[in-house]
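# Secondary and tertiary structure notes
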Amino acid sequence: MKVVLENLTKIFPGRDRKKGEKVVAVSHFNFEIPDGKLIGLLGPSGCGKSTTLNLISGLVKPTEGRIFFGEDDVTELPPENRGIGLVFQNYALYPHLTVRQNILFPLQNLKGKDKLSKEEMDRKVMEAAKLVQIDELMERRPRELSGGQQQRVAIARAMVKMPKVLLLDEPLSNLDARLRLKTREEIRRIQQETKITTIFVTHDQEEAMSISDMIVVMKEGVVHQIGRPQEVYDSPVNLFVAKFLGTPPINVFQGTIRGDRLYIGGDAVLSVDGVCDKEVYVGVRPEGFVLQKEGAFGCHLNRVEVMGRDISVVSAHKECFNETVRSIIGTETRSDIGIDHAVQDGIVRFSLIPHKVFLFDRETEERIEAEVRSL
Ligand code: ADP
Ligand code: MG
């Protein structure tokens, strides 16, 4: 089922009505979510992710705009008539019911022509339980389950009616790191098996990048970029998006374009086509550095961290906004030249890989479309 958001906007009245400080939680959100895809809705806390999800579910009424499921306008439909499955961070299971009863619950409330026989209900409950691999735990109560198991029950309960759209609001946030990894892979598997259009909310960029067909990056109620994870990573539209994606984060420097050269501090690091004589921000992804004896870009070496497959060179530069400059050097780029060759008098020298370098306008922080090349 495709989901279309048309100019979707939610403005909350301020807590203090007299002062009239309104909160624009979601502003003019337009997006056609393709059928059968998993969409990661991503952004820092308070950017409007949950509000967007609640608008789609019908728990919150929009101030403006429309929502379509397929060709049907569902804007005025109550949540229970939208055919959605919801999963929240805190599982929200019924504590006095067993796993089986928790999953069964949504089916028992079906009325009229949708009403199911007991056998049909049992079959559907078992199917949903098998899907999330908790069919061995059916008679337990939530308090007898681990966090990961509880969240599986919550997912099974959301899936048992085979929703048209599955909405997940930070479903992994209460799980420990290992379980988070495992459960996110499970969610991806379930989504691919069932092909249910799924919207997955998270503030964790890695989580969103790893399982989504497309990501939506939001800030302060406004959508900044929508695209496939790799596309957005490789081609961020502005400084915010560039900084929000990637670990370690992108390194941001003050830079200047003079003639056809890009300077960071005194070093001419790359040549630039299409803009000249401009103050810019320069973003360099950690994997955009190559150790090189005669490299154009020098930083003060702090230390080298060995991470198994790669090494991380930690350095400092006075034009860098990050506390340290973090570069990840892969084995390929390391084998022909050891770190020692690229260091002299405490300065480590790099050349920069052009497509890992982005330029941003200092005022608008928008990406500058310019061709960047090696010197
Ligand atoms: P996120 O899920 O991305 O952390 P939310 O969608 O929960 O963000 O909130 C977006 C903004 O709307 C925040 O500034 C939040 O304080 C505000 N907000 C959310 N719900 C309400 C509400 N019921 N009343 C007033 N303001 C709200
Ligand atoms: Mg939220």
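Residues numbered from 1 in each chain as written. Chains lettered and ligands numbered in written order. Predicted model: local features only at pLDDT ≥ 70, side-chain atom pairs only at ≥ 80, totals over all residues. Heavy atoms only, no water.

## Some remarks on the site of ligand 1
The condition is simple: Near residues are defined by distance, with any heavy atom within 4 Å of the molecule or strand qualifying the residue. Polar contact criterion, stated in full: a pair of N or O atoms within 3.5 Å, where within protein one must be able to donate a hydrogen and the other to accept it, and residues adjacent in sequence count only if both atoms are side-chain atoms. To measure how exposed things are, a 1.4 Å probe is used in the Shrake-Rupley method; for residues, cover is taken only from the protein chains shown. In DSSP terms, a helix is any run of H or I states spanning at least four residues, a strand is any run of E spanning at least two, and both are numbered starting from the N terminus.
Taken together, Phe-12, Val-23, Ala-25, Pro-44, Ser-45, Gly-46, Cys-47, Gly-48, Lys-49, Ser-50 and Thr-51 form the complete shell of residues around ligand 1. Within the backbone of Cys-47, a nitrogen or oxygen atom sits 3.2 Å from an oxygen atom of ligand 1. Taking Ser-50, its side chain carries an N or O atom lying 2.8 Å from an oxygen atom of ligand 1. Alone, ligand 1 offers 560 Å² of accessible surface; in the complex the protein occludes 64% of this. Elements with a contribution of two residues or more to the shell around ligand 1: strand E2 (23–33) and helix H1 (49–57).

## Describing the sheet that holds strand E11 (residues 251–258)
Let me state the cut-off plainly: We call two strands paired when DSSP finds no fewer than two bridges between them. Axis angles are defined between N-to-C directions and span 0 to 180 degrees, where every axis is a line fitted to C-alpha atoms and, for a helix, only to the segment in contact.
The strand order across the open sheet built from six strands is E21-E14-E11-E12-E13-E22, with neighbouring strands paired in antiparallel fashion. What marks the edges here is a single partner per strand, and that holds for strand E21 (357–361) and strand E22 (371–373). Taking each pair of neighbouring strands and ignoring which way they run, the sheet shows an average axis angle of 40°.

## Observations regarding the packing of helix H2 (residues 99–108) against helix H4 (residues 147–159)
How we decide: If an angle is under 35 degrees, it is roughly parallel; if it is over 145, roughly antiparallel; if it lies from 65 to 115, roughly perpendicular; otherwise it is oblique. With the far helix as reference, a near helix turned anticlockwise by less than a right angle produces a left-handed crossing, and one turned clockwise produces a right-handed crossing. Residue contacts are defined here by distance: any two heavy atoms, one from each residue, within 4.5 Å place the two residues in contact. For this classification, the nonpolar set comprises Ala, Val, Leu, Ile, Met, Phe, Trp, Tyr, Cys and Pro, the charged set comprises Asp, Glu, Lys and Arg, and every other residue, Gly included, is treated as polar.
Contact pair H2 / H4: the axes reach a minimum separation of 7 Å and the direction vectors enclose 30°. When the interaxial angle is binned, H2 and H4 end up roughly parallel. Of the two elements, H2 crosses H4, and the hand of that crossing is right-handed. Contacts from Val-99, Asn-102, Ile-103 and Pro-106 in H2 reach Val-153, Ala-156 and Arg-157 in H4. Among the residues making up the contact of H2 with H4, the classes are represented as five nonpolar, one polar and one charged.

## Structural notes on the layout of surface pockets
Using the following cut-off: Space inside and on the surface of the protein is sampled on a 1 Å grid over the protein atoms alone, with a cavity defined as a set of points where a 1.4 Å probe fits but cannot get out and a pocket as an open set with protein on both sides within 12 Å along at least 5 of 7 lines; lining residues have an atom within 4 Å of a point. Grid points are joined across faces, edges and corners, and a volume is the space filled by probe spheres set on the points.
A volume near 860 Å³ is recorded for the largest pocket. Along the walls of the largest pocket sit 30 residues, with Glu-80, Ile-84, Gly-85, Pro-106 and Lys-161 positioned nearest its centre. Mapped onto the lining of the largest pocket, the elements with two or more residues apiece are strand E6 (84–87), H2 and H4. For the lining of the largest pocket, the element with the most residues is E6, which contributes four residues.

## Structural notes on the domain arrangement of the chain
The test is simple: An automatic or database domain assignment supplies the start and end points of every domain. By buried area we mean the combined loss of accessible area, with a 1.4 Å probe, across both parts when two parts are placed together.
Annotation of the chain at the domain level lists domain 1 (3–240) and domain 2 (248–373). On a C-alpha basis, the centres of domain 1 and domain 2 stand 39 Å from each other. The partner domain 2 presents 10 residues to the seven residues of domain 1 that form the contact. Taking both partners together, domain 1 and domain 2 bury about 810 Å²; carbon and sulfur atoms supply 51% of that area. The largest per-residue losses of area from domain 1 upon contact with domain 2 belong to Tyr-233, Pro-236 and Leu-239, which jointly make up 67% of the total buried on that side. In this structure, the connection of domain 1 to domain 2 is made through six residue pairs in polar contact (both at pLDDT 80 or more). Looking at the side of domain 1 that touches domain 2 residue by residue, the classes come out as four nonpolar, two polar and one charged.

## Notes on the state of the cysteines
The condition that has to hold: Two cysteine sulfur atoms make up a disulfide if the distance between them is within 2.5 Å. Only protein chains enter the accessibility calculation, which uses a 1.4 Å probe. A residue is then buried if its area is under 20% of the maximum for its type, exposed if over 50%, and partly exposed in between.
In total, this model carries zero disulfides according to the counting rule given. The thiol of Cys-299 is not disulfide-bonded; the next cysteine sulfur, from Cys-320, is found 7.7 Å away. Classification of Cys-299 by relative accessible area gives buried; the value is 0%.

## Comments concerning the packing of aromatic side chains
The line we're drawing: Centres within 6.5 Å are what make two rings of Phe, Tyr or Trp a pair, Trp counting through its six-membered ring; a difference in plane orientation under 30 degrees is then read as stacked, over 60 as edge-to-face, and the rest as tilted. Two conditions define a charge located above a ring, namely a distance within 6 Å from the ring centre to NZ of Lys or CZ of Arg, and an angle within 35 degrees of the ring normal.
With the rule as written, the count across this model stands at five aromatic pairs. Geometrically, the ring pair formed by Tyr-94 and Phe-105 is tilted, given 4.6 Å between the ring centres and 45° between the ring planes. Residue Tyr-94 is found in the loop between E6 and H2, and its partner Phe-105 is found in helix H2; the two are separated by 11 residues along the sequence. Tyr-94 sits in the partly exposed class, given a relative accessible area of 30%. We classify Phe-105 as partly exposed; its relative accessible area is 29%. Seen from the ring of Tyr-263, Arg-258 lies directly overhead, with NZ or CZ sitting 4.3 Å from the centre. In this structure, Arg-285 packs its charged tip against the face of Tyr-233, placed 3.9 Å from the ring centre.

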